[in-house]
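# Observations on chain architecture
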Amino acid sequence: MQPDSDLKDLESLSIQRCQLVDIQGVPLPKDTVDSWDEIWRFQARPDDLVICTYPKAGTTWIQEIVTMIQHQGDSEKCDEVPIERRMPFIELVLPKPFPSDLEEVKKMPSPRSLKFHLPFHLMPPSIWEQNCKVIYVARNAKDNAVSYFHFHRMNMGMPEPGNWDQFVENFIAAKVAWGSWSHHVRGWWEAKDRHPILYLFYEDMKEDLARETRKVAKFLGVELSEAVLKKIVQHTTFENMKSNPNANYSTAPSFVLNHSISPFMRKGTVGDWKDHFTVAQSERLDEVCDRELEGSGLAFRMEL
Ligand code: PPS
């Protein structure tokens, strides 16, 4: 969202790890909560496309797929703007003097694509008043937690994660930014029958990217030839996105994201949780998820 010159000026700054403050039972970064009235009053337009996930569930991946679909597989056009500046992240409010996407988004021409991580009940009501299309991606809780842990290590604006054992306790207790994983995936799952929401799973995308990309194109009302579909799938594999500076967050300010601690594009797999969770941690998270997802019909694959 910000012009390059603005970001370069900011390179001399540093950032502090944020504090979390509860809003309607969901811990969010303090600066987000301080701007909550403005976020809640966010004015959507009917042709806005919304992308929402629990953090680390595949946002960047679906953003790149959507942009490729919007540009009919033209990868140069897709990556004209680095991913972190392509779609405003509405509830991310950085401390001053960092610029806020909330201001920039008002000036953006339509149609806009917008990024959120909010649980369903905290989404600005105008999204539903304007009947915006939403793509939601969910990822199994354990891989999601592992990815979130490493993201906390490398993102200097996130709360201090502590070690894995400490982080996983906070994750299970929903004491992490954006709150409970199970409330998030369930809230959106139940909302999908009342609103134009395409609900995707990270594991399905790993299993068959072409099939899931076709679903996205259909939802967006875009016709794709088989040749274009092939280009999109090729461009959005983990390996290709990892080596693409406009999709791998390497152009984001380095004082915020430190890729030498852990790269943003880390592993991109299903089942990495097995190398992190103890049996006891795994069973405790299963127990919480089973209880909180009971009766929802939601099921996640933990391996492929
Ligand atoms: S964020 O910060 O919340 O926007 O992060 P998000 O993009 O949601 O999640 C990052 C994780 O998604 C993985 N990723 C991918 N996996 C497979 N294929 C592709 N193309 C892809 N692109 C991003 C990324 O590697 C992070 O997962 P982990 O498990 O940490 O590798």
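Everything below is about the structure shown above.
Description of the structure in this document. (Residues numbered from 1 in each chain as written. Predicted model: local features only at pLDDT ≥ 70, side-chain atom pairs only at ≥ 80, totals over all residues. Heavy atoms only, no water.)

## Re the overall build of the protein chain
Basically, it comes down to this: Only runs of H or I of at least four residues qualify as helices and only runs of E of at least two qualify as strands under DSSP, and these elements are numbered from the N terminus. Note that the radius of gyration is over C-alpha atoms, with the globule rule given as 2.2 Å times the number of residues to the power 0.38. For each residue, the accessible area found with a 1.4 Å probe, counting protein chains only, is set against the maximum for its type, and the residue is called buried under 20%, exposed over 50%, and partly exposed in between. Only heavy atoms matter for contacts: two residues are in contact if any of them lie within 4.5 Å across the pair. Computed with a 1.4 Å probe, the accessible areas rest on the Shrake-Rupley method; for each residue, only the protein chains presented here act as cover. When charges are counted, neither His nor the chain ends are considered; positive counts come from Lys and Arg and negative counts from Asp and Glu. Where a charge lies is defined by one atom per residue type, namely NZ (Lys), CZ (Arg), CG (Asp) and CD (Glu).
For the protein chain, the helix and strand inventory stands at 16 helices and 6 strands. For the protein chain, the C-alpha radius of gyration of 18 Å lies close to 19 Å, the compact-globule estimate for 304 residues. With the principal axes as the frame, the protein chain shows a C-alpha extent of 45 × 45 × 40 Å. Within the protein chain, buried positions represent 57% of all 304 residues. Intrachain contacts of the protein chain at a sequence separation of at least 6 include 77% that bridge at least 24 residues. Looking at the protein chain as shown, the accessible area adds up to about 13,700 Å², and 51% of this sits on carbon and sulfur atoms. Of the side-chain charges in the protein chain, 36 are positive and 45 negative, and the distance between the mean point of each set is 2 Å.

## Comments concerning the environment of serine 296
With respect to the secondary-structure elements, serine 296 resides in the segment after α16 (279-293). Judged by its relative accessible area of 12%, serine 296 falls in the buried class. Ignoring sequence-local partners within four residues, the contact set of serine 296 consists of Arg186, Trp189 and Glu190.

## Describing helix α4 (residues 59-70)
What counts here: One fewer than the residue count of a helix, multiplied by 1.5 Å, yields its expected span.
With 12 residues, α4 ought to run about 16 Å at 1.5 Å a step, and its terminal C-alpha atoms sit 16 Å apart, in line with that. Within α4, 11 of the 12 residues are buried, which leaves it mostly tucked inside the rest of the structure. Among the residues making up α4, those that are buried are Thr59, Thr60, Trp61, Ile62, Gln63, Glu64, Ile65, Val66, Thr67, Met68 and Ile69. Within two residues after α4, glutamine 72 carries a phi angle of roughly 50°, on the positive side.

## Let's talk about the nonpolar core
We count it as follows: Only buried residues count toward a nonpolar core, which is a set of Ala, Val, Leu, Ile, Met, Phe, Trp, Tyr and Cys residues joined through side-chain atoms within 4.5 Å.
Membership of the largest hydrophobic core comes to 99 residues, with the highest contact counts inside it found for Ile62, Phe116, Ile127, Ile135, Tyr148 and Trp188. The biggest single contributor to this core is helix α9 (residues 141-154), with 7 residues.

## Quick look at the site of the ligand
Spelled out, the test is: Residue proximity to a molecule or strand is established when one non-hydrogen atom of the residue lies within 4 Å of it. Pairs of N or O atoms are called polar contacts if they sit within 3.5 Å, as long as, within protein, a hydrogen donor faces a hydrogen acceptor (for residues adjacent in sequence, only side-chain-to-side-chain pairs). Any residue outside Ala, Val, Leu, Ile, Met, Phe, Trp, Tyr, Cys, Pro, Asp, Glu, Lys and Arg is labelled polar, Gly included; the first ten of those are nonpolar and the last four are charged.
As a matter of local geometry, the ligand sits amid 22 residues, with Thr59, Thr60, Ser147, Tyr202 and Lys267 nearest to it. In the model, an oxygen atom of the ligand is placed 2.7 Å from a nitrogen or oxygen of the serine 147 side chain. Side-chain polar atom of arginine 266 to an oxygen atom of the ligand: 2.9 Å apart, as the coordinates give it. Burial of the ligand by the protein chains amounts to 98% of its free accessible area of 640 Å². Taken together, the elements giving at least two residues each to the shell around the ligand come down to α4, α9 and α15 (238-242). The element best represented in the shell around the ligand is α4, accounting for 3 residues. Of the residues belonging to the shell around the ligand, the class tally is 9 nonpolar, 8 polar and 5 charged.

## Regarding a negative patch on the surface
Heads up, the rule is: Only residues above 30% relative accessible area that lack a salt bridge enter a patch, with like-charged residues linked at up to 9 Å and the nonpolar side chains Val, Leu, Ile, Met, Phe, Trp and Tyr linked at up to 5 Å. Think of a salt bridge as a Lys or Arg side-chain nitrogen and an Asp or Glu carboxyl oxygen that are within 4 Å of each other.
On the surface, a cluster of negative charge is contributed by Glu283, Glu287, Asp290 and Glu294. Structurally, aspartate 290 can be placed in helix α16. For aspartate 290, a relative accessible area of 56% translates into the label exposed.

## So, the sheet that holds strand β5 (residues 133-138)
Sheet strands pair by backbone hydrogen bonding; their relative direction is either parallel or antiparallel. Keep this limit in mind: Pairing between two strands requires that DSSP report at least two bridges joining them. Note on geometry: axes are lines fitted to C-alpha atoms, helical ones only across the stretch in contact, with angles between N-to-C directions running from 0 to 180 degrees.
Strand order in the open sheet formed by 4 strands is β4-β3-β5-β6, with parallel pairing between adjacent strands. Pairing within the sheet leaves two strands with one partner each, and these edge strands are β4 (113-116) and β6 (197-201). With direction set aside, neighbouring strand axes in the sheet form an average angle of 20°. Of the strands in this sheet, β3 (49-53), β5 and β6 touch helix α11 (residues 181-191), which is tilted by about 135° from β6. With respect to the sheet, helix α13 (residues 209-220) is in contact with β3, β5 and β6, its orientation differing from that of β6 by roughly 170°.

## Considering the environment of asparagine 131
Considering the arrangement of structural elements, one finds asparagine 131 in the loop between α8 (126-129) and β5. When its relative accessible area of 48% is taken as the criterion, asparagine 131 is described as partly exposed. When the C-alpha atoms of asparagine 131 and proline 82 are compared, they prove to be 28 Å apart, with 49 residues separating the residues in sequence.

## Observations concerning the packing of aromatic side chains
The condition that has to hold: Only centres within 6.5 Å qualify two rings of Phe, Tyr or Trp (six-membered ring in Trp) as a pair; their planes then separate them into stacked at under 30 degrees, edge-to-face at over 60, and tilted for everything else. Only when the NZ atom of a Lys or the CZ atom of an Arg is both within 6 Å of the ring centre and within 35 degrees of the ring normal do we say a charge sits over the ring.
Scanning the model with the defined rule gives 25 aromatic pairs in all. Look at phenylalanine 120 and tryptophan 188: their rings are 5.4 Å apart centre to centre, the planes differ by 85°, and that puts the pair in the edge-to-face class. Here the residue phenylalanine 120 occupies a position in the loop between β4 and α8, and tryptophan 188 occupies one in helix α11, the gap between them amounting to 68 residues. In this pair, the class of phenylalanine 120 matches that of tryptophan 188, namely buried. Through pairs of rings, three or more aromatic residues link up here, namely Phe120, Trp128, Tyr136, Trp181, Trp188, Trp189, Tyr199, Phe201 and Phe300. Positioned over the ring face of tyrosine 202 is arginine 139, at 3.9 Å from the centre of the ring. For the cation-ring pair, lysine 192 lies above tryptophan 189, with the distance from its terminal atom to the ring centre recorded as 3.8 Å.

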